Amino acid sequence: MSTKIFSPELEAIGIIKKDEVLANHTTFKVGGPAAYFLETNDSEIIQKAIRIANKAGLKFAALGGGSNVLVSDQGFNGLIIKMSSSRCDLIDTNKLDADAGTSLAKIIRTALSQNLTGLEFAIGIPGSFGGAIAGNAGTSGHGIAEYVESLKYVDKTGVLKICDKSQLDVSYRYTRFKYTPEDIIISAILILAPAQPIESQKLVKEAMEKRSWQPKGVWCAGCIFKNPANKSAGKLIDEAGLKGKTIGGAKISEEHGNFIINTGKAKAEDIIILISFIKQQIRDQFGVQLEEEVRYLGFN
Ligand code: EPU
């Protein structure tokens, strides 16, 4: 796809790229080009870009680490704002204030090095801090959004706002930001607790063990489906005999049923067809309706 839109004002921002292939910014390594692509964590630049995009009638969306998203083969005919930073500061002895574009791994490392506990469960989760908050990344038991005190975001009209925890609407793999990528999380403050080192090390070990048999070093987007109430989606897919099922370049992991792997040349379309095949099989075999945890971008 070549750029179908043109905004001289947007191009005047300077650091904007055109026709940037989004496969290079997702852990699935899938996705067509973004007409415009801005990589920053600067709220003023983001506000400016959003105002220009709104004036020009251009759609826009935030992208974090690209680890829990499926981007269409057509890409995104608008502006992608890729959050990118490494800022993570300790404040008030037990809080971290960090940019959305900082990697979640760095946030966890900083917490542990400051002897703060709470985030051990999230060890091994890829992606950015902002993306992890928006989708409340975590395990079946814990999600990162539980630890947010407040966050700053630029809303879809380009206004910088604050959202307190009480307004986040936190539930399993969900916050109010999950399906509104045009509300752009800029930074957040987490409240943690002082760690008992032995306890914290135990939690680190547990988290690493839990992830030890998940596929590693492959192109995927983590778990594709949310766990249905009191069930494991991966286990259902395994019991349905679907592991290894392949459509085009997309394959259900032999290690964990809830992972779809891009074996090298997968199209988003292969993955979509495989997702809908799995949903149908699980509905037919167990009467359970699976719901995607992964987010879609560029499909409308
Ligand atoms: N199981 C199987 N076969 C499979 C997959 C799982 O038998 O193919 C069994 C396991 O043996 C275990 C049970 O199902 O007894 C649960 O499996 P697991 O511990 O892997 O947990 P999960 O419910 O499948 C959740 C999160 C993961 C997180 C793990 C570990 C969801 C959708 N998934 O998986 O998160 O890493 O717990 O804490 O909540 C992600 O969100 O991307 C993700 C990978």
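Structure: see above.
What comes next concerns the included structure. Counting from 1, residues in each chain are numbered in the order their sequence is written. With the structure being a predicted model, the display of local features is reserved for residues of pLDDT at least 70 and the display and counting of side-chain atom pairs for 80 or more, all residues being used for whole-chain, interface and lining totals. Heavy atoms from the whole structure form the basis of all side-chain values; hydrogens and water molecules are not counted.

### Here we look at the overall build of the protein chain
Line of reasoning, step 1. For the protein chain, the count of helices and strands is seven helices and 17 strands.
Line of reasoning, step 2. Computation of the radius of gyration draws on C-alpha atoms alone. For the globule rule, the value is 2.2 Å times the number of residues to the power 0.38. A compact globule built from 300 residues would reach a C-alpha radius of gyration of about 19 Å, and the protein chain, at 19 Å, matches this within 12%.
Line of reasoning, step 3. Its C-alpha atoms put the protein chain at 55 × 50 × 30 Å along the principal axes.
Line of reasoning, step 4. When a residue's accessible area, from a 1.4 Å probe over protein chains only, is under 20% of the maximum for its type it is buried; when over 50% it is exposed; and in between it is partly exposed. Looking at the protein chain as a whole, 53% of its 300 residues are labelled buried.
Line of reasoning, step 5. For the accessible areas, the method is Shrake-Rupley and the probe is 1.4 Å, while residue cover comes only from the protein chains on display. In the structure as shown, the protein chain presents an accessible area of about 13600 Å², 51% of it carried by carbon and sulfur atoms. Numbering goes from the N terminus for both helices and strands, where a helix is a DSSP run of H or I of at least four residues and a strand is a run of E of at least two.

### A short note on the site of the ligand
Line of reasoning, step 1. Residues in contact with the ligand amount to 23 residues; listed here are only the nearest, Tyr 172, Arg 173, Gln 214, Cys 223 and Asn 227.
Line of reasoning, step 2. For this analysis, a polar contact is any N or O atom pair within 3.5 Å, provided that within protein one partner can donate a hydrogen and the other can accept it, and provided that sequence-adjacent residues contribute only side-chain to side-chain pairs. One of the backbone nitrogen or oxygen atoms of Cys 223 is found 2.7 Å away from an oxygen atom of the ligand.
Line of reasoning, step 3. His 256 places a side-chain nitrogen or oxygen 2.8 Å from an oxygen atom of the ligand.
Line of reasoning, step 4. The set of elements that each furnish at least two residues to the shell around the ligand consists of α5 (197-211), β13 (219-223) and α6 (233-239).
Line of reasoning, step 5. Ranked by residue count, the leading element in the shell around the ligand is α6, at three residues.
Line of reasoning, step 6. Under the convention adopted here, Pro, Cys and the residues Ala, Val, Leu, Ile, Met, Phe, Trp and Tyr are nonpolar, Asp, Glu, Lys and Arg are charged, and Gly plus all remaining residues are polar. Per-class residue counts for the shell around the ligand are five nonpolar, 11 polar and seven charged. Any residue with a heavy atom lying within 4 Å of a molecule or strand is counted as near it.

### Here's the deal with the sheet that holds strand β1 (residues 17-21)
Line of reasoning, step 1. The four strands are arranged β1-β2-β5-β3 in an open sheet whose pairing can be described as mixed. With partners counted over all chains shown, the strands left at the sheet margins are β1 and β3 (60-63), one partner each. Neighbouring strand axes in the sheet, compared pairwise and without regard to direction, differ in orientation by 45° on average.
Line of reasoning, step 2. Sheet topology places strand β2 (residues 33-40) next to strand β5 (residues 76-83); six bridges connect them, and they run parallel. Opposite Glu 39, over in β5, you have Lys 82 as the bridge partner.
Line of reasoning, step 3. A contact between two residues is defined here by any heavy atoms of the two lying within 4.5 Å. Axis definition: a line fitted to C-alpha atoms, over the contacting stretch in the case of helices. Angles run 0 to 180 degrees between N-to-C directions. Strand contacts of helix α2 (residues 43-56): β2, β3 and β5, with the helix running at about 170° to β5, the strand carrying the most contacts. Should DSSP find at least two bridges between two strands, the strands are regarded as paired.

### So, the packing of aromatic side chains
Line of reasoning, step 1. Classification of ring pairs uses Phe, Tyr and Trp, with its six-membered ring standing for Trp, and accepts pairs whose centres are within 6.5 Å; under 30 degrees between planes counts as stacked, over 60 as edge-to-face, and the remaining range as tilted. This model, assessed by the stated rule, comprises four aromatic pairs.
Line of reasoning, step 2. The interplanar angle of 25° and the centroid separation of 6.0 Å between the aromatic rings of Phe 121 and Tyr 147 together place this pair among those described as stacked. In this pair, Phe 121 sits in the loop between β8 (116-117) and α4 (129-134) while Tyr 147 sits in the loop between α4 and β9 (148-154), placing the two residues 26 residues apart along the sequence. Neither Phe 121 nor Tyr 147 differs from the other in exposure class; each is buried.
Line of reasoning, step 3. Ring centres of Tyr 296 and Phe 299 lie 5.4 Å apart, and the angle between their planes is 90°; on these two criteria the pair is classed as edge-to-face.

### Overview of unusual backbone geometry
Line of reasoning, step 1. Unlike most non-glycine residues, Asp 92 shows phi in positive territory, near 50°.
Line of reasoning, step 2. Inspection of the secondary structure assignment puts Asp 92 in the loop between β6 (88-91) and β7 (95-99).
Line of reasoning, step 3. With a relative accessible area of 53%, Asp 92 lands in the exposed category.
Line of reasoning, step 4. Positive phi outside glycine occurs at Thr 93, with the angle close to 60°.
Line of reasoning, step 5. Mapped onto the secondary structure, Thr 93 falls in the loop between β6 and β7.

### Some remarks on the side chain of Asn 136
Line of reasoning, step 1. The topology assignment puts Asn 136 in the loop between α4 and β9.
Line of reasoning, step 2. Apart from the residues lying within four places of it in its own chain, the contact partners of Asn 136 are Gly 143, Ile 144, Ala 145, Glu 146, Val 170, Ser 171, Tyr 172, Arg 173, Tyr 174 and Thr 175.

### Concerning the sheet that holds strand β16 (residues 259-262)
Hydrogen bonds between backbone atoms are what pair the strands of a sheet, whose relative direction is either parallel or antiparallel.
Line of reasoning, step 1. The sheet built from four strands is open, its strands ordered β13-β16-β15-β14 with antiparallel pairing. The open sheet has two edge strands with one neighbour each: β13 and β14 (246-247).
Line of reasoning, step 2. For strand β15 (residues 250-252) and β16, the ladder comprises three bridges, and the chain directions are antiparallel. The residue bridging Lys 251 from the neighbouring strand is Ile 261, located in β16.
Line of reasoning, step 3. Here helix α7 (residues 268-286) sits on the sheet in contact with β14, β15 and β16, set at roughly 30° to β15.

### What to know about the state of the cysteines
Line of reasoning, step 1. Two cysteine sulfurs form what is called a disulfide whenever their separation falls within 2.5 Å. Enumeration over the complete set of coordinates arrives at zero disulfides.
Line of reasoning, step 2. Free of any disulfide, Cys 88 has its nearest neighbouring cysteine sulfur in Cys 163, separated by 19 Å.

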